[in-house]
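# Observations on the model geometry
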Amino acid sequence: MMLSRVARRIYWMARYIERAENTARLVNTYNFLLLDLPRGTHIGWDILPVISGGYQLFSDRYQRHDERNTAKFLLADNDNPGSLLNSISSARENARTSREVLPGQAWEQINELHLYTNARINDAIPRRGRFGFLTAIIHRCQQLTGLLAGTMSHDNAYDFVRIGRNLERADMTTRVVDIGAMSTQGTEDPGNLDVHVWTSMLKALNAYQMYRKDMQPGVHSAEVVSYLFQNTYLPRSVAHCLDQMEECIGNLPRHKDTLKPIRDTRRRIDRIQADKLDAVKLHHEVDRLQVGISAVHKQIRKTWFS
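Only a predicted model underlies this, so the values are computations on that prediction, with no experimental measurement involved.

## Quick look at unusual backbone geometry
- The phi dihedral of Asn206 is positive, around 55°, even though this residue is not glycine.
- Residue placement: Asn206 occurs in the loop between helix H9 (190-204) and helix H10 (208-215).
- A positive phi angle, near 55°, is found at Arg254, a position not held by glycine.
- Note on placement: Arg254 falls in the loop between helix H12 (238-250) and helix H13 (256-271).

## Describing empty space enclosed by the protein
- Scanning the entire structure with this criterion turns up one cavity of 30 Å³ or more.
- Put simply, the largest cavity is a space of about 40 Å³.
- Around the largest cavity, the lining residues are Ala14, Ile17, Glu18, Thr145, Leu148, Val161 and Arg165.
- Elements with a minimum of two residues in the lining of the largest cavity: helix H1 (4-36), helix H7 (127-151) and helix H8 (156-184).
- Sorting elements by how many residues they give to the lining of the largest cavity places H1 first, with three residues.
- Here the residues of the lining of the largest cavity sort into four nonpolar, one polar and two charged.

## Things to note about the layout of surface pockets
- Empty space within the largest pocket amounts to approximately 500 Å³.
- Lining the largest pocket are 23 residues, with Arg19, Ser52, Glu168, Asp171 and Arg175 positioned closest to its centre.
- Of all elements in the fold, only H1, helix H2 (47-52), helix H4 (67-75), H8 and helix H14 (279-305) reach the threshold of two or more residues within the lining of the largest pocket.
- Grouping the constituent residues of the lining of the largest pocket by class yields nine nonpolar, nine polar and five charged.
- Considering the residues around the second largest pocket, the lining is formed by 16 residues, among which Asn28, Thr29, Phe32, Lys203 and Ala204 are closest to the centre.
- Contributing elements (two or more residues each) for the lining of the second largest pocket: H1, H7 and H9.
- Here the residues of the lining of the second largest pocket are counted per class, giving four nonpolar, nine polar and three charged.

## Examining the state of the cysteines
- Here the structure, examined in full by the defined rule, presents zero disulfides.
- Here Cys141 stays unpaired: no disulfide links it, and the sulfur of Cys241, its closest cysteine neighbor, is 16 Å away.
- No disulfide involves Cys248; its nearest neighbouring cysteine sulfur is the one of Cys241, lying 11 Å away.

## A short note on the pattern of salt bridges
- Evaluation of the coordinates by the stated rule reveals 23 salt bridges.
- In this structure, the salt-bridge partner of Arg25 is Glu21, at a minimum N-O distance of 2.9 Å. Taken as a pair, Arg25 and Glu21 lie in helix H1 at a separation of four residues, close to a single helical turn. For the pair shown, Arg25 and Glu21 are each scored as buried.
- Measuring nitrogen to oxygen at the nearest pair gives 2.6 Å for the salt bridge that ties Arg266 to Asp270. Of the two residues, Arg266 and Asp270 are both situated in helix H13; the distance of four residues between them amounts to about one turn of the helix.
- Judged by relative accessible area, which is 13%, Arg266 ranks as buried.
- Judged by its relative accessible area of 51%, Asp270 falls in the exposed class.
- By sharing partners, the salt bridges in this structure join Glu18, Glu21, Arg25, Arg169 and Arg236 into a single network.

## Observations regarding the nonpolar core
- In this structure, Leu84, Ile137, Phe160, Ile163, Leu228, Phe229 and Ile300 are the most contacted members of the largest nonpolar core, which totals 97 residues.
- If one sorts the elements of this core by residue count, H1 sits on top with 14 residues.
- When neighbours within four sequence positions are excluded, Leu228 is seen to be in contact with Thr173, Val177, Leu202, Leu205, Ala207, Leu234, Arg236, Ser237 and Val238.

## Considering the packing of aromatic side chains
- Applying the stated criterion across every chain yields a total of 12 aromatic pairs.
- When the centroid spacing of 5.2 Å and the interplanar angle of 55° are considered together, the rings of Tyr11 and Phe305 count as tilted. Taken together, the residues Tyr11 in helix H1 and Phe305 in helix H14 connect sequence positions 294 residues apart. Phe305 carries the same exposure label as Tyr11, and that label is buried.
- Ring geometry for Phe58 versus Tyr62: centroids 5.4 Å apart, planes at 40°, classification tilted. When sorted by exposure, Phe58 lands in the same class as Tyr62, which is buried.

Reading the values: rules and limits
- Residues numbered from 1 in each chain as written.
- Predicted model: local features only at pLDDT ≥ 70, side-chain atom pairs only at ≥ 80, totals over all residues.
- Heavy atoms only, no water.
- Helix = DSSP H or I, 4+ residues; strand = E, 2+ residues; numbered from the N terminus.
- 1 Å grid on protein atoms, 1.4 Å probe; cavity = no way out; pocket = protein on both sides within 12 Å on 5 of 7 lines; lining within 4 Å.
- Points joined across faces, edges and corners; volume = space filled by probe spheres on them.
- Nonpolar A, V, L, I, M, F, W, Y, C, P; charged D, E, K, R; others polar.
- Disulfide = S-S within 2.5 Å.
- Salt bridge = Lys/Arg side-chain N within 4 Å of Asp/Glu carboxyl O.
- Buried < 20%, exposed > 50% of the residue type's maximum accessible area, 1.4 Å probe, protein only.
- Core = buried A, V, L, I, M, F, W, Y, C linked by side-chain atoms within 4.5 Å.
- Contact = heavy atoms within 4.5 Å.
- Phe/Tyr/Trp six-rings, centres within 6.5 Å; stacked < 30°, edge-to-face > 60°.

So this is what it looks like as structure tokens:
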């Protein structure tokens, strides 16, 4: 039997590690998206704080919503709970207090990630050093995920790791799709942006190569949205993440109430017809999915952490 406080800590450890990797991916990819867009296209950096849910805090702390301030807010701001710096620090703290259920190498790697981030975080603010730093963060997070999969006992403790990782991953996938929707919303010629924007969104999730292998046609919004929401084989699709969570939660005691919001959200995913969604409708659909994902988290907290 595992203590609820231990379950809570490793659940949040996994979420914070995934959040740090996703934040690094998002900033890196958005940087290249702006460089690749056709001349005359005006998309600002302040989309990212909106998508991350921290726009009000960002506006309160920064007068200029430019690239440098956005990068600082998302990556290095100690007062932003969702910044990369704080995510890695929180992951380390949760791992430190749960070392009895984690492989020793996992704790060492999380600690090294924390030390590396604190020593090099200022490299991420200017554009020149950002790519190298964020790429290193992504690789280190991936190594940690692989280490846990290969060395940690696949018991209920590891179920909570997988639940936390997949819930955070599903949430980020919806946010990436929302960036695609907001980037083309209100433009006079959305078709001109379609390929650039949705290619970047696929790359943000490391899904571009698999999309081209699985889907065959060129990059178009409806196909990309369907792929990122409904493909059951893509590890970062919302459907796959929900299926993984359902499997893990089914292994835990008292799981009945928690399966309901997962299955409700999964059915909503299946009902989506991406080819009938314009940018505004897609944005509203993403909002509904995020409400569903939030409901899953609330039920997890009520069932096992309270």
